[in-house]
Amino acid sequence: MRALSKLSRFGAALALLAGSARAQDVAITGGRVFTVSGATIDNATVLIQNGRITAVGTNVAIPAGVQRIDAAGKWVTPGLVVGGTEIGLQEIGAIGSTNDQSATGKDQIAASFQPWLGLNTASVLIAPGRKEGVTTVGIAPQGGLVAGQLGVIDLVPGHTSDMLRKPAAAMVAQLSSPRGGGAASRGELIARLKELLDDTKSYARRRADYERAQARPFIARQSDLEAMIPVVEGRMPLIIDADNADDIEAALSIAKEYKLRLAISGGAEAWKVADRLAAAGVPVFTGAMNNIPASFAQLGQRQENAGLLRKAGVSVSLIGNAGGGDEEAFNIRNIKQEAGNAIAYGMTWNDALRAVTLAPATFLGVSDRIGSIENGKDGNVVMWSGDPFEFSTRAEHVFIKGREYSEKTRQDMLAERYRTLPPSYYKP
Amino acid sequence: MSKLALALALTACASTAQTAQQPVPAQPSTTAPATTTPAPAPRAGAGAGAFSMPNADPFPSTYLPFPSRTTVIRNVTILTAAGPRITNGSILLRDGKIAEVGQTVSAPADAVVIDGQGKYVTPGIVDTHSHIGGSAAPGDRGAQTDDVNEATNPVTANVWVEHSVWPQDPQLPRDLAGGVTTIQVLPGSANLIGGRSVVMKLVPARSAQAMKFPGAKYGLKMACGENPKRVYSGRGPSTRMGNVAGYRTAWIQAEGYRRRWDNWLAGDRKGDPPGRDLGLETLAEVLRGNILVHNHCYRADEMMQMIDISKEFGYKIRSFHHGVEAYKIADVLAREGISGSLWADWGAFKLEAADAIRENIALVHNAGARAIVHSDDPSGSQRLNQEAAKAMAAGRAIGIDISEDDAIKWLTINPAWALGLDDRIGSLERGKNADVVLWDKDPFSVYARPEKVWIDGAVIFDRLDPKQQWRTDFEMGFVPDTRGGNR
């Protein structure tokens, strides 16, 4: 509890600071506006003032002095949201000093780990994502049975206080790798997670005894038990990484027994238990570009997964999981490709857009501010030259909290330097 | 939220030990007169005193084309990779070959006729950088399916990756369903010299030999930079200069070996021949121009050094693989006639990949070098068309005028050239092998999927017909049968 209250104060302070970036007032006029939360409106205007969306529709009065951007023939969507990334936590994979996504923890439990405390706000991977329309991401801890807490950041320049939208948005655990979770078998891994949940409840009831050293030993450190309390009280969602359909079912049972707010990530075989996930109201974070039985836990992996889940009524959020291309950091922009592939393999276009905007925003508890284009929401808006999921489409204007960003990326600078050979080393 | 993609894809190359081999063109090397592989000397069979000859073909291809029917696809957009697209065109496949392609073709009475309204036809995709079969799925610890890095010695020119290829790898039919018809399977990049590659057709088979592309040259995999020096940091090489010394030492040995054998073969062939050395045999064949060099190399400066090494010993680098900094020396690649087998957008997984830019392929193309979209990944290989679309869009965004007719070459005729097969595959021209993909939409759209795939004129994949969807032995029982998908 001590650790948590510290965290809450920290979070509140950050939230206040985050509002300080100067926004401009802008009207994006005449575009095809995908509100996500409501109807798609043709020839519509989105008015953004003081960082917030103040009007959406075909009959919006644009105050004098507001910058106008002609969106005729363009598509306008909420800024894209990727629920699970390692942006700012991993700069160069092989260089350990630039990897800050994991905690040592104790016995593979690191619930108190808050990776945004070590956020690299100077990461050169932020701007390329933003340039291609990704405005908000979850930054997820990695490793262990309980990896730690997921934070939500906006992809804006600045420091942690400018970027952090919501700390402690979810707890991250896994039922996909027994060894990684300090167990010798899948059954033991499940038992360890249940033991942690039991001990957290016991600890919460007997904190005073614990402080007097009159409680039995618990499976986790005090700081981690503290961090788990909001999870067992249903105040903080728990994301469990699981692929095998049986492991997903185990997660559903645990969530029911302990009354947890659960989501599944990975979920290679989630389609096999889609009806159960739907009945339990458990969302799934998964990708749409993986169909390889890469392990015995993923034998049923298929590209139709996301579409089948959605068809069964499951809330689906798309994340990158195709493997080699590092969609967690360098290529978060490829979330658009995931969406396109989800559509090619059975998801509706509107559901795919939702899966990269409102669906993750809702699960992560930030849909009051982002994820759709609605009056009063933050001005996280992108104007595209066409269908955002097509490769030929460009994000022409990207706004976060009403401010437009168009900075050159490190990749842009390199391309510019070597556009003509031999290069000049005295230019950019 | 954890990295699920772990084991499989990455063990082969990119992060653990990627190697890229470049095939050496079949041209004479510059320092040594070109000779063809020596004709086998008299051979005593299995009797006393028998000896095997170097450079024979001990694991010959047993591939036979699948049964095919004369087929016409008409009313379709054809990206030929040999010129401008043909809209509302037709193509005739007969006897395993492309018999006609054009606005109209003759339609034999017995032909299967497919209406391609709204659809696209391209050559089969050729992936120069695959580990499928060699680094197979599933990749669980204990599955022992990761067989591409013989990481026991920095120079293992003696290994042949075909001896690691498992024809029941479930990644094979998935690659085919992505429109890929020919792959080069490479050893990994743990080693300076990783061994021989093999070029394969994506067809069901009981043996690797039955997948081997008849008559295809072998490749040699070499690797620069971080992977070898990391893998061998304890015993060496542990530095980039150690890497270079390692290549040069190997080539010096190969020169001597080649000379001893060539002299012996040119002489009276009496007495004992020089002792055989599997690794040096392979390297000598590179020096003779019979094996193509595929060189995994990320950084521009290291590629420049590899080019100098190739000149010192008189071999050609056929393709730099990965080459995330190829754009920095695109002019040199064009001048030297070296192709670039490149990713659309992988980068930052290690420092030597940190300067990756999405414009890489377009800039290499624009400089006049042969640009190739490669995968090094069983997942990415299934969507090479999408990778090409990204690279094309990135090029256009900085003002490079690239047409789809250009970009299709990155997937077809250019990789075919890198494998020395551009006279047989890689474009839709009369007389070439009928390796063909029918796409349900423009293949540069994210929504496009291959609908049918032909290899040597035989339908080998049909998305609309579950009976034409190859299922490996491994999959039966283990993997849910979802053929036919959700449509």
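Residues numbered from 1 in each chain as written. Chains lettered and ligands numbered in written order. Predicted model: local features only at pLDDT ≥ 70, side-chain atom pairs only at ≥ 80, totals over all residues. Heavy atoms only, no water.

## Considering the packing of aromatic side chains
- Under the definition given, this model contains 24 aromatic pairs over all chains.
- Both rings, one in Phe34 of chain A and one in Trp349 of chain A, keep their centres 4.9 Å apart while their planes meet at 45 degrees; by these two values the pair is tilted. Here Trp349 of chain A lies in helix H11 (residues 349-355) and Phe34 of chain A lies in strand E1 (residues 26-34), a separation of 315 residues in the sequence.
- Overall, Phe34 of chain A belongs to the buried group, its relative accessible area being 4%.
- For the ring pair Phe296 of chain A and Phe474 of chain B, a centre distance of 6.0 Å and an interplane angle of 90 degrees mean the geometry is edge-to-face. Note that Phe296 of chain A is positioned in the loop between strand E12 (284-286) and helix H9 (305-311) and Phe474 of chain B in the loop between strand E18 (458-462) and helix H12 (475-478), a pairing that runs across two chains.
- Using a relative accessible area of 39% as the deciding quantity, one classes Phe296 of chain A as partly exposed.
- Residue class for Phe474 of chain B comes out buried when judged on its relative accessible area of 10%.
- Three or more aromatic residues joined by ring pairs make a cluster, and in this case those are Phe34, Trp75, Trp349 and Phe389 of chain A.
- Between Arg32 of chain A and the ring centre of Trp75 of chain A, over which it is positioned, the NZ or CZ distance is 5.3 Å.
- The ring of Trp417 of chain B has Arg370 of chain B lying over it, and the distance from NZ or CZ to the ring centre is 3.8 Å. (Phe/Tyr/Trp six-rings, centres within 6.5 Å; stacked < 30°, edge-to-face > 60°. Helix = DSSP H or I, 4+ residues; strand = E, 2+ residues; numbered from the N terminus. Buried < 20%, exposed > 50% of the residue type's maximum accessible area, 1.4 Å probe, protein only. Lys NZ or Arg CZ within 6 Å of the ring centre and 35° of its normal.)

## Section: the packing of helix H4 (residues 240-266) of chain B against helix H5 (residues 278-287) of chain B
Residues and elements named next belong to chain B.
- In contact at an axis separation of 8 Å, H4 and H5 are set at 85 degrees when each is read in the N-to-C sense. Considering the angle they form, H4 stands roughly perpendicular to H5. Residue-level inspection shows Ala250, Trp251, Gln253, Ala254, Glu255, Tyr257 and Arg258 of H4 in contact with H5, the latter providing Leu280, Glu281, Leu283, Ala284, Val286 and Leu287.
- Residue classes in the contact of H4 with H5 are distributed as nine nonpolar, one polar and three charged. (Axes fitted to C-alpha atoms, helices over the stretch in contact; angles between N-to-C directions. Parallel < 35°, antiparallel > 145°, perpendicular 65-115°, else oblique. Contact = heavy atoms within 4.5 Å. Nonpolar A, V, L, I, M, F, W, Y, C, P; charged D, E, K, R; others polar.)

## Focus on helix H6 (residues 300-313) of chain B
All names here are of chain B.
- The first and last C-alpha atoms of H6 sit 20 Å apart over 14 residues, in line with the 20 Å expected at 1.5 Å per residue.
- Residues of H6 that are buried include every one of Ala300, Glu302, Met303, Met306, Ile307, Ile309, Ser310 and Phe313, and no others.
- In this fold, the buried residues of H6 make contact with strand E11 (219-223), H4, H5, strand E12 (292-297), strand E13 (317-322) and helix H7 (330-336).
- Of the residues trailing H6, Gly314 is marked for its positive phi of about 75 degrees. (Expected span 1.5 Å × (residues − 1).)

## Some words on the interface of chain B and chain A
- Facing the 63 residues of chain B at the interface are 71 residues of chain A.
- Overall, the association of chain B and chain A removes approximately 5,400 Å² of surface from exposure, summing both partners, and the carbon and sulfur fraction of that is 57%.
- The closest approach of N and O atoms between Arg410 of chain A and Asp355 of chain B, which form a salt bridge, is 2.7 Å.
- The interface formed by chain B and chain A holds 24 residue pairs in polar contact (both at pLDDT 80 or more) in total.
- Those elements that provide at least two residues to the side of chain B that touches chain A are helix H1 (6-12), helix H2 (171-177), H7, helix H8 (360-366) and helix H9 (384-397) of chain B.
- Take the side of chain B that touches chain A: its biggest share by element is six residues, from H9 of chain B.
- Split into classes, the residues belonging to the side of chain B that touches chain A amount to 32 nonpolar, 13 polar and 18 charged. (Buried area = accessible area lost by both parts, 1.4 Å probe. Salt bridge = Lys/Arg side-chain N within 4 Å of Asp/Glu carboxyl O. Polar contact = N/O pair within 3.5 Å; in protein donor to acceptor, adjacent residues only side chain to side chain.)

## Some words on the domain arrangement of chain A
All names here are of chain A.
- Partitioning chain A into structural domains gives domain 1 (22-78 + 373-406) and domain 2 (80-370).
- Centre-to-centre, using C-alpha coordinates, domain 1 lies 30 Å away from domain 2.
- Each partner contributes to the interface: domain 1 provides 23 residues, whereas domain 2 provides 30 residues.
- When domain 1 packs against domain 2, the two sides together hide about 2,100 Å² of surface, and 65% of this comes from carbon and sulfur.
- Among the residues domain 1 hides against domain 2, the three largest losses belong to Val36, Lys377 and Phe389. Together they make up 31% of the total.
- Where domain 1 touches domain 2, the interface holds three salt bridges. (Domains from an automatic or database assignment.)

## Structural notes on the environment of Asp387 of chain A
- One can find Asp387 of chain A in the loop between strand E14 (381-384) and strand E15 (395-400).
- Residue classification places Asp387 of chain A among the buried positions, given a relative accessible area of 13%.
- In sequence terms Asp387 of chain A and Gly340 of chain A are 47 residues apart; their C-alpha atoms lie 9.7 Å from each other.
- Ignoring sequence-local partners within four residues, the contact set of Asp387 of chain A consists of Trp75, Trp349 and Thr393 of chain A together with Tyr447 of chain B.
- A polar contact of 3.3 Å, which involves the side chain of Asp387 of chain A, links it to the side chain of Trp349 of chain A.

## Comments concerning the confidence of the model for chain A
- In the predicted model, chain A carries a mean pLDDT of 93, and the fraction of residues at 70 or more is 93%.
- The model gives residues 1-21 of chain A a pLDDT under 50, and that stretch makes 23 contacts with residues more than four places away or in other chains. (pLDDT = per-residue confidence, 0-100.)

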